[in-house]
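Fold and contact review
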Amino acid sequence: MKENLYNYILQIADNSLILGQRMGELCGHGPSLETDIACTNISLDLFGQVRSYYQYAAKIAADGRTEDDIAMLRKERDYLNILLVEQPNTDFGYTMARQFLFDVYHLLFLKELEKSKDLILSAIATKSIKEVTYHQRFSSDWIKRLGDGTEESHERIQNAINDLWTYTDELFRLSEVDEEMLEEGVAVDISKLKNGYYQKVSDVLEEATLTVPESKYFQKGGKQGIHTEHMGYLLADLQYMQRAYPNMEW
Amino acid sequence: MTITEQHIDKLLIPILEQVSDPEIPVLSIMDMGVVRSAIIENGVAKIEITPTYSGCPAMDVIGDDIKKALKEAGYESEIDLILSPAWTTDWITPKGRKALENYGIAAPLEAEADKDALLGNKKIVKCTNCGSTNTRLVSQFGSTACKAQFQCNDCQEPFDYFKCLK
């Protein structure tokens, strides 16, 4: 098995799975019917992308595991998503701030992944770009609406941005897997996305009359499987049915 | 506009035209542009379909429906889901666009116009009920991932708009 490629696919796919799960939690709980549907549609797009990635990963693993096994039956330490996407839906401001901080990265990332030597990853990227473009538009729109809204909404979205900022640097840190795959022309050099990312994020925050955080302390570890305390609860929810009723289908 | 060559066996066209998107029953999968190739090899129909959106739950159903329709017509079949080239709303045929409008879903605009419409900058999406362009965006995401929700300011009818995907 191509261990590095397998792990590289998981690094990408797990971000979408975990963020998709977070957005899916809002099903029936969104602040309004329209936003509820929007959040779950975004979730659905992410899960769709995840299926393509995990199907590919299952093929490479070639050990009898299916896409579902990979999604549902790993232990916390085996999930390689970045810490940002596992942060909870504290309030709608946090949900949109998390989405926005990820969407800007996601789109920049996919535009580079499209150039990968790996044709399957490139095809998934091309497909996903179209969907993620809409996600970014939606979340940017909400950042502006909340930031340039009432005193209350301004304060709350600013708090959310400040709190989640600490997870942004990890987006651009190369793991060992990234470095190995970069040499093979498969991976994206994420360290090069950093300037463009903070530029785009700052532009939107300024338009939203929000302050760009100056904090220089950043959290990391997700790509090595070391997660925040929220991850265990998320996985308990995600994996419950498969753990309680192994191999169940619907 | 991207036109990708489609290899579709003439014998299979009438069969595939009977299969529709379960979420938009008026639209056949042929008019939707999701069938990328359909050939008969040693008596087996080999069909390649491409998803509209990655997470579109209709794709599994479409695959099953194609198999069923072909079986009724006497063909064994193999269905493959392909990702590249990625589906675009340009592949919806003129007949398909008309079917969408008649069904109450506004057909996708060109990319730039679409962006204006979805940011609420310009009133350009036509109401499928009264034809007025005095409409407003209710939500960028509608009843399915491929649609946005609009409402007409004149006749008050709420309707879906099929988002442009390039």
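Thresholds applied
Each chain has its residues counted from 1, following the order in which its sequence is written. Written order decides the labels, with chains lettered from A and ligands numbered from 1. The model is predicted, so local features are restricted to residues of pLDDT at least 70 and side-chain atom pairs to those at 80 or more, both for listing and for counting; the totals for chains, interfaces and linings are taken over all residues. Definition of nonpolar core: a set of buried Ala, Val, Leu, Ile, Met, Phe, Trp, Tyr and Cys residues joined via C-beta atoms within 7 Å. Between the buried cut of 20 or more and the exposed cut of 12 or fewer other C-beta atoms within 10 Å of a residue's own C-beta lies the partly exposed class, and all C-beta atoms are placed from the backbone. How far each domain reaches was decided by an automatic or database domain assignment. Each residue gets a C-beta atom placed from its backbone, and two residues are in contact if those atoms lie within 7 Å. When DSSP finds at least two bridges between two strands, those strands are taken to pair. The way it works is that DSSP assigns letters per residue, a run of H or I at least four long becomes a helix, a run of E at least two long becomes a strand, and they are numbered from the N terminus. Each axis is a line fitted through C-alpha atoms, and for a helix only the stretch in contact is used; angles between axes span 0 to 180 degrees, taken between their N-to-C directions. Residues are grouped as follows: Ala, Val, Leu, Ile, Met, Phe, Trp, Tyr, Cys and Pro are nonpolar; Asp, Glu, Lys and Arg are charged; every other residue, Gly included, is polar. Given the number of residues in a helix, its expected span is that number minus one, multiplied by 1.5 Å. A right-handed crossover is one whose linking path, passing over the helix from the first strand to the second, runs clockwise when the strands point away from the viewer. For any helix crossing, the convention is left-handed if the near helix is rotated counterclockwise from the far helix by under a right angle, and right-handed if that rotation is clockwise.

1. Overview of the nonpolar core
- Ranked by internal contacts, the top residues of the largest apolar core, which has 122 residues, are A:I9, A:A13, A:Y53, A:A57, A:A97 and B:L16.
- Domain assignment of the residues forming this core places at least three in each of domain 1 (7-91) and domain 2 (104-162) of chain B.
- Other than its neighbours up to four places away in sequence, A:I9 contacts A:Y53, A:Y56 and A:A57.

2. What to know about the sheet that holds strand β4 (residues 35-41) of chain B
Residues and elements named next belong to chain B.
- Here four strands make up an open sheet; going across it, the order is β1-β4-β5-β6 and the pairing mixed. Among the strands making up the open sheet, the edge pair consists of β1 (7-8) and β6 (76-81).
- As defined by bridge partners, β4 adjoins strand β5 (residues 44-49) across six bridges and the pair is classed as antiparallel. Directly across from I40, in β5, lies its bridge partner A45.
- Lying over the sheet, helix α3 (residues 58-72) contacts β5 and β6, oriented at roughly 160° with respect to β6.

3. Digging into the interface of chain A and chain B
- Tallying the contact residues gives 20 residues for chain A and 16 residues for chain B.
- Elements supplying a minimum of two residues to the side of chain A that touches chain B: α2 (33-61) and α5 (119-147) of chain A.
- Grouping the amino acids of the side of chain A that touches chain B by side-chain chemistry returns eight nonpolar, six polar and six charged.

4. With respect to the domain arrangement of chain B
All names here are of chain B.
- Considered domain by domain, chain B is made up of domain 1 (7-91) and domain 2 (104-162).
- With centres defined by C-alpha atoms, the gap from domain 1 to domain 2 works out at 28 Å.
- In this assembly, seven residues from domain 1 lie in contact with six residues from domain 2.
- Looking at the side of domain 1 that touches domain 2, its residues break down into three nonpolar, three polar and one charged.

5. Section: α2(A)
Residues and elements named next belong to chain A.
- An ideal rise of 1.5 Å per residue puts 42 Å on 29 residues; α2 measures up with 41 Å between its terminal C-alpha atoms.
- Among the 29 residues that make up α2, 21 are buried, leaving the element largely enclosed by the rest of the structure.
- With its phi angle positive at about 45°, A62 sits one or two positions after the end of α2.

6. Considerations on the pairing of β5(B)
All names here are of chain B.
- What you see with β5 is a clean split: A45, I47 and I49 sit on the buried side and V44, K46 and E48 on the side with no burial.
- Here β4 hands over to β5 after two residues, with N42 in that stretch at a positive phi of 50°.
- In the sheet, β5 pairs with β6 via six bridges, with the strands oriented parallel. Bridge pairing in β6 links K46 to E78.
- Viewed along the sheet, the connection from β5 through α3 into β6 turns out right-handed.

7. Describing the sheet that holds strand β7 (residues 105-106) of chain B
All names here are of chain B.
- Within the open sheet, the four strands sit side by side as β7-β10-β9-β8. Their pairing is mixed. Strands at the two margins of the open sheet, each flanked by one partner only, are β7 and β8 (135-139).
- The pairing of β7 with strand β10 (residues 158-162) spans two bridges and is classified as parallel. In the strand pairing of β10, I105 is matched with D160.

8. Notes on the packing of helix α4 (residues 92-113) of chain A against α5(A)
All names here are of chain A.
- Axis separation between α4 and α5 bottoms out at 7 Å; the angle between their running directions is 145°. Pair α4 / α5 crosses with left-handed handedness.
- Looking at side-chain class alone, the contact of α4 with α5 contains 13 nonpolar, 10 polar and two charged residues.

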